[in-house]
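As a plain string of letters, each chain reads:
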Amino acid sequence: MRTRTALAAATAAALAIPGAATAAPRPAAKPKPLCNLVTDPSGDVATGAKATDIVGGDIVSVDGRKVTVLIRLAKAAAPGGDTGTPTGGFYQFQFTHNGVGVTLSAHVTQAGTSFSPGKATGSYDVATNSLTITASPGDFPGGPVFKKGELLTDLVIRTDVGNPTVPIGTTLHIAGDTAQGTKPYPVGASSCVRQG
């Protein structure tokens with residue numbers, strides 16, 4: 001009888017202590033990094049130009065300080081290094097934020113590479129066949145405010161032969177490519193693309 005009484009008392013005491021009879025909740029699993037938000041088959045440029053042949057792209061990061069996007073190419077080349085783009089290339093990454101289009105672009109010429117909008121920076125890397133563009137929210141018209149969790153939609157990448165005198169794409173569209181994404185990007189989400 002004493003044994004049963006002692007066991008009952010111990011059980012009652014355990015139930016009276018908050019959390020004593022329940023396991024600690026597991027921490028929420030971290031969401032997987034987003035990757036390949038835009039994909040496109042290679043070899044679909046009419047002239048065969050590889051420097052303007054899009055194979056994919058990603059929004060690398062978006063926060064209150066900067067917006068970074070990445071364009072993947074079949075084979076990046078210095079101006080004149082690809083017979084299909086003798087004057088260089090024009091590259092554009094666009095998405096929609098709160099119903100407004102946001103555009104980042106780069107113009108690769110023999111004189112160098114320029115980026116827009118505003119004081120945007122970036123890199124054109126022939127080793128990794130990629131182009132990266134980074135801009136601050138203040139560089140865009142209207143100075144959009146990107147809030148965590150907001151969805152950036154309608155991702156579109158465009159390329160074309162570069163105009164040798166001004167940073168715009170040619171209107172001929174003979175050596176260009178277009179790729180559309182089907183996945184949105186939530187502001188603040190991590191990407192599989194390594195920065196730095």
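Refer to the structure presented above.
Residues numbered from 1 in each chain as written. Predicted model: local features only at pLDDT ≥ 70, side-chain atom pairs only at ≥ 80, totals over all residues. Heavy atoms only, no water.

### Structural notes on the overall build of the protein
Heads up, the condition is: By definition, any uninterrupted DSSP run of H or I lasting at least four residues is a helix, any uninterrupted run of E lasting at least two residues is a strand, and each is numbered from the N terminus. Working definition: with a 1.4 Å probe on protein chains only, accessible area under 20% of the residue-type maximum means buried, over 50% means exposed, and in between means partly exposed. In what follows, residue pairs with any heavy atoms lying within 4.5 Å of each other are defined as contacts.
Helices and strands together make up the secondary structure of the protein, namely one helix and eleven strands. Relative to its full complement of 196 residues, the protein shows a buried share of 40%. Restricting to contacts in the protein with at least 6 residues of sequence separation, those with at least 24 account for 61%.

### What about the packing of aromatic side chains?
As a reminder, the rule being used: Pairing of aromatic side chains requires ring centres within 6.5 Å, counting the rings of Phe and Tyr and the six-membered ring of Trp. Pairs whose planes differ by under 30 degrees are stacked, by over 60 edge-to-face, and all others tilted.
The full count for this structure, using the stated rule, is two aromatic pairs. Ring geometry for Tyr 91 versus Tyr 124: centroids 5.8 Å apart, planes at 40°, classification tilted. Residue Tyr 91 is found in strand E4 (residues 89–97), and its partner Tyr 124 is found in strand E7 (residues 121–125); the two are separated by 33 residues along the sequence. Just as Tyr 91 is buried, Tyr 124 falls in that class too.

### Regarding the layout of surface pockets
Keep this limit in mind: In this analysis, the protein atoms alone were mapped onto a 1 Å grid. Cavities are point sets where a 1.4 Å probe fits without being able to get out; pockets are open sets with protein on both sides within 12 Å along at least five of seven lines; lining residues have an atom within 4 Å of a point. Grid points are joined across faces, edges and corners, and a volume is the space filled by probe spheres set on the points.
If you add up the space inside the largest pocket, you get close to 320 Å³. Within the residue set of the lining of the largest pocket, elements represented by two or more residues are strand E3 (67–73), E7 and strand E8 (130–135).

### Brief notes about empty space enclosed by the protein
Counted by the stated rule, this structure contains one cavity of 30 Å³ or more. The volume enclosed by the largest cavity comes to roughly 30 Å³. Ala 51, Ala 77, Ala 78, Pro 79, Thr 85, Gly 88, Gly 89, Tyr 91, Val 108 and Tyr 124 together form the lining of the largest cavity.

### Examining the state of the cysteines
Rules: To count as a disulfide, a pair of cysteine sulfur atoms needs to be within 2.5 Å.
Counting across every chain of the model gives one disulfide. Covalently, Cys 35 is tied to Cys 192 through a disulfide, its sulfur atoms 2.1 Å apart. One disulfide, between Cys 35 and Cys 192, carries an S-S torsion of 65° and so falls in the right-handed class. Taken as a pair, Cys 35 in the loop between helix H1 (2–16) and strand E1 (38–39) and Cys 192 in the segment after strand E11 (185–186) lie far apart in primary sequence, 157 residues in all.

### Observations regarding the nonpolar core
It is characteristic of soluble globular proteins that their nonpolar side chains tend to be buried jointly. Selection criterion: Among buried residues, those of type Ala, Val, Leu, Ile, Met, Phe, Trp, Tyr and Cys that are joined through side-chain atoms within 4.5 Å constitute a nonpolar core.
In terms of nonpolar packing, the biggest core is built from 33 residues, with Ile 59 and Phe 95 touching the most fellow members. Secondary structure elements with two or more residues in this core: strand E2 (54–62), E3, E4, strand E5 (100–109), E8 and strand E9 (151–161). If we ignore the near neighbours within four places in the chain, the residues touching Phe 95 are Ile 59, Val 67, Val 100, Gly 101, Val 102, Leu 104, Phe 146, Leu 152, Thr 153, Asp 154 and Leu 155.

### Quick look at the environment of Ala 135
Mapped onto the elements of the fold, Ala 135 is located in strand E8. A C-alpha to C-alpha distance of 8.9 Å links Ala 135 and Phe 115, two positions 20 residues apart in sequence. Setting aside residues no more than four positions away along its own chain, Ala 135 makes contact with Arg 65, Lys 66, Val 67, Leu 104, Pro 117, Ala 120 and Phe 140.

### Brief notes about the pairing of E5
Note the following rule: Strand pairing is assigned whenever DSSP identifies at least 2 bridges connecting the two strands.
The buried fraction of E5 amounts to seven of the ten residues, a majority that puts the element mostly inside the structure. Hairpin connection between E4 and E5: a loop of two residues separates the two successive antiparallel strands, and Asn 98 in this loop has a positive phi of roughly 50°. Summarising the sheet, E5 and strand E6 (residues 112–116) pair through five bridges and their orientation is antiparallel. Counterpart to Val 108 in the pairing with E6 is Thr 113.

### Remarks on the sheet that holds E8
Pairing between the strands of a sheet comes from backbone hydrogen bonds, and it takes one of two forms, parallel or antiparallel. Strands sit in the order E1-E2-E3-E8-E7 across an open sheet of five strands; the sheet is antiparallel. The outermost strands of the open sheet, each flanked by one partner alone, are E1 and E7. Two strands pair when backbone bridges link them, and E3 and E8 are joined in this way by six bridges, in the antiparallel orientation. Its bridge partner being in E8, Ile 71 is matched across the sheet by Leu 131.

### Some remarks on unusual backbone geometry
A cis amide bond links Ser 116 with the next residue in sequence, Pro 117, at an omega value of 15°. The phi dihedral of Asn 36 is positive, around 55°, even though this residue is not glycine. The exposure class of Asn 36 is partly exposed, given its relative accessible area of 36%. Even without a glycine there, the phi angle at Asp 154 is positive, about 55°. Considering the arrangement of structural elements, one finds Asp 154 in strand E9.

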